[in-house]
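# Residue-level structural notes
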2 protein chains.
Amino acid sequence: MKRIQLIVSYEGTNYNGWQKQPSGVTIEGVLNRALTELLRESVTVTGASRTDSGVHSLGNVAVFDTSARIPAEKICYALNQRLPEDIVVQASCEVAPDFHPRHCESRKTYEYRILNRKFPLPLERRDTYFFYRKLDVDAMRLAGQYLVGTHDFKSFCSVHAQAETTVRTIYHLDVIKDRDIVTIRVTGSGFLYHMVRIIAGTLLQAGTGERVPEEILDILKAHSRSAAGPTAPAHGLTMIGIEFL
Amino acid sequence: MKRIQLIVSYEGTNYNGWQKQPSGVTIEGVLNRALTELLRESVTVTGASRTDSGVHSLGNVAVFDTSARIPAEKICYALNQRLPEDIVVQASCEVAPDFHPRHCESRKTYEYRILNRKFPLPLERRDTYFFYRKLDVDAMRLAGQYLVGTHDFKSFCSVHAQAETTVRTIYHLDVIKDRDIVTIRVTGSGFLYHMVRIIAGTLLQAGTGERVPEEILDILKAHSRSAAGPTAPAHGLTMIGIEFL
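Criteria and cut-off values
Residues numbered from 1 in each chain as written. Chains lettered and ligands numbered in written order. Predicted model: local features only at pLDDT ≥ 70, side-chain atom pairs only at ≥ 80, totals over all residues. Heavy atoms only, no water. Axes fitted to C-alpha atoms, helices over the stretch in contact; angles between N-to-C directions. Helix = DSSP H or I, 4+ residues; strand = E, 2+ residues; numbered from the N terminus. Parallel < 35°, antiparallel > 145°, perpendicular 65-115°, else oblique. Left-handed = near helix turned anticlockwise from the far one by under 90°. Contact = heavy atoms within 4.5 Å. Nonpolar A, V, L, I, M, F, W, Y, C, P; charged D, E, K, R; others polar. Salt bridge = Lys/Arg side-chain N within 4 Å of Asp/Glu carboxyl O. Buried < 20%, exposed > 50% of the residue type's maximum accessible area, 1.4 Å probe, protein only. Least-squares fit on C-alpha atoms with pLDDT ≥ 70 in both. Buried area = accessible area lost by both parts, 1.4 Å probe. Polar contact = N/O pair within 3.5 Å; in protein donor to acceptor, adjacent residues only side chain to side chain. pLDDT = per-residue confidence, 0-100. Pairing = 2+ DSSP bridges. Phe/Tyr/Trp six-rings, centres within 6.5 Å; stacked < 30°, edge-to-face > 60°.

### Some words on the packing of helix H3 (residues 137-145) of chain A against helix H4 (residues 195-208) of chain A
Residues and elements named next belong to chain A. Where H3 contacts H4, the axes come no closer than 7 Å and their chain directions differ by 135 degrees. Put simply, H3 runs oblique to H4. Every pair of crossing elements has a handedness; the one defined by H3 and H4 is right-handed. Note on element contacts: H4 touches H3 through Leu203, Leu204, Ala206 and Gly207, opposite Ala139, Met140, Ala143 and Gly144. Considering only residue class, the contact of H3 with H4 consists of six nonpolar, two polar and no charged.

Rendered as structure tokens:
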């Protein structure tokens, strides 16, 4: 038996998120079925980031155990033959048998992309959030800096979350403007349910002037979801990659 | 009666190209129907660039005549309400009644985008051509320089074309690499049928080393479609914009 790690990219548009659900097609479900067929044994993957419905990925991580003899590095080639075009495995390799992608320290990077112009662009509609009001990117960047560090992010967590602790560390938060795309790029020790989308919704309020950047401090102190801004739509969010420490 | 100009962006994936066909949905057909409904009179648009099936646009130009009283600048707002999400009009304005977008001098810019990496990326699959072989971008750029200027581009024109003359002018041709995306950006006085896609297919051969850059001179001299490289797939091509002189 060996443990295999996959780097998984996908467009989330047509999926009910990563995690297996009572109904609806999920990334995890498609991977399990393709791997089970390929390796001719029952396979169940464990994902590092259980992304929501509609969220995309460039580099999510999944592991599974197999007794199949196929070389670990070849699995991605054979597996991609059996996957739909909106899920592509970028790499496969063997990892330690006790490696668990959610139970070890890691740095996860997400990007929330906003298309900021007068009218939407058809080619950008699936992986950017269209926002036509003028944005002050410097104010967004300033607001974002108040989130960097180790904080109780309870205000930036969906009330439906079931995390034991709401303390997390954000290592970097950049707001990058490239023509009419504003990207919020955030790296952290882990993220609470809806946390990146609530951060995006709150930084958008700083961008429009609805809030001053310093209000982030009050929002953090409030320990209440209602203190923060709205949850920005899922389709603007992409899981970029995970570094295991 | 006034003549209105539209700047039209679209994702070409689900269309049978710009121009009205005996069968299949076209960009032109969708615009005609939406405008006819909106303005309550029969409307027929004339496009500047009759893009092929699967080709995208950021800034194609169309004109039509109307006697409706709606202010020209407001048409785009009302029209977008009636268009599917893969066609968005970016602007509308009144132009001279004799302005014809194909019968006046212009500079058209196209981009052909190549995703050059080991495995495809789901989010890029609709508007880049996935190409996994290593590309020498400097060789592509060098090859492209031989195309700049006024030449007979017969070798870079589909044998199915019906143009009166195959002489065209290319003002700029850049090959830009940004991470794993290689973009061929070309501006010219006009392009023959499949010309940009044949240029892309030929520059790709220069990128892999199948041809040396100087061979472009021989290809131009040959005046024969068979001398050039293959026609690169439509979905990598985007009409960027048109400047009328």
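### Looking at the pattern of salt bridges
Residue and element names in this part refer to chain A. The tally for this structure, following the rule as stated, stands at 28 salt bridges over all chains. Two residues, Arg82 and Glu37, come together in a salt bridge whose shortest N-O distance is 3.6 Å. In this pair, Arg82 sits in the loop between helix H2 (75-80) and strand S4 (87-95) while Glu37 sits in helix H1 (residues 27-39), placing the two residues 45 residues apart along the sequence. Among the residues examined, Arg82 registers a relative accessible area of 42% and is labelled partly exposed.

### Focus: the relation of the copies chain B and chain A
Superposition record for chain B on chain A: RMSD 0.0 Å, screw rotation 180 degrees, translation along axis 0.0 Å. In short, the pair behaves as if placed about a two-fold rotation axis. Residue by residue, 100% of the interface of chain B is reproduced at the interface of chain A, so both copies engage with the same surface.

### Regarding the environment of Trp18(B)
All names here are of chain B. Take Trp18: it is sitting in the loop between strand S1 (2-10) and helix H1 (27-39). Its relative accessible area of 0% is what places Trp18 among the buried residues. Sequence separation of Trp18 and His194 is 176 residues, and the distance between their C-alpha atoms is 14 Å.

### What to know about the interface of chain B and chain A
On the side of chain A, 25 residues touch chain B, which itself brings 25 residues to the contact. Summed over both partners, the interface of chain B with chain A buries about 2200 Å², with 60% contributed by carbon and sulfur atoms. Seen at the junction of chain B and chain A, the total is six salt bridges. Residue Arg125(A) is joined to Glu85(B) by a salt bridge in which the shortest nitrogen-to-oxygen separation is 3.4 Å. Where chain B touches chain A, the interface holds eleven residue pairs in polar contact (both at pLDDT 80 or more).

### Topic: unusual backbone geometry
All names here are of chain A. You will see that Arg40, though not glycine, has its phi angle at about 55 degrees, which is positive. The residue Arg40 is located in the loop between H1 and strand S2 (46-47) in this model. With relative accessibility at 77%, the residue Arg40 sits in the exposed group.

### Structural notes on the confidence of the model for chain A
Put simply, chain A has an average pLDDT of 96, and 100% of its residues get 70 or more. Per the prediction output, this complex has pTM 0.95; the corresponding ipTM is 0.93.

### So, the pairing of strand S5 (residues 106-115) of chain B
All names here are of chain B. The buried fraction of S5 amounts to nine of the ten residues, a majority that puts the element mostly inside the structure. Of the strand pairs in this sheet, S5 and strand S10 (residues 237-244) are connected by seven bridges, and their pairing is antiparallel. Its bridge partner lying in S10, Lys108 is registered against Ile242. Bridge count between S5 and strand S6 (residues 129-130): two bridges; the pairing is parallel. By the bridge assignment for S6, Ile114 is matched with Tyr129.

### Remarks on the packing of aromatic side chains
The final tally for this structure, using the stated rule, is 14 aromatic pairs over all chains. When the ring of Tyr10(B) is compared with that of Trp18(B), the centres are 6.0 Å apart and the planes differ by 45 degrees; the resulting orientation is tilted. One exposure class covers both Tyr10(B) and Trp18(B), and it is buried. Pairwise contacts between aromatic rings join Tyr112(A), Tyr129(A) and Phe131(A) into one cluster.

### Some words on the pairing of strand S9 (residues 181-188) of chain A
In summary, the side chains of a regular strand alternate between the two faces of the sheet. Residues and elements named next belong to chain A. Burial of S9 is extensive: seven of the eight residues sit out of reach of the surface. Pairing analysis gives eight bridges linking strand S8 (residues 167-178) to S9, with the strands arranged antiparallel. Paired with Ile176 across the bridge in S9 is Thr183. Where S8 folds back on S9, the antiparallel hairpin that results is connected by two residues, among which Arg179 adopts a positive phi of roughly 55 degrees.

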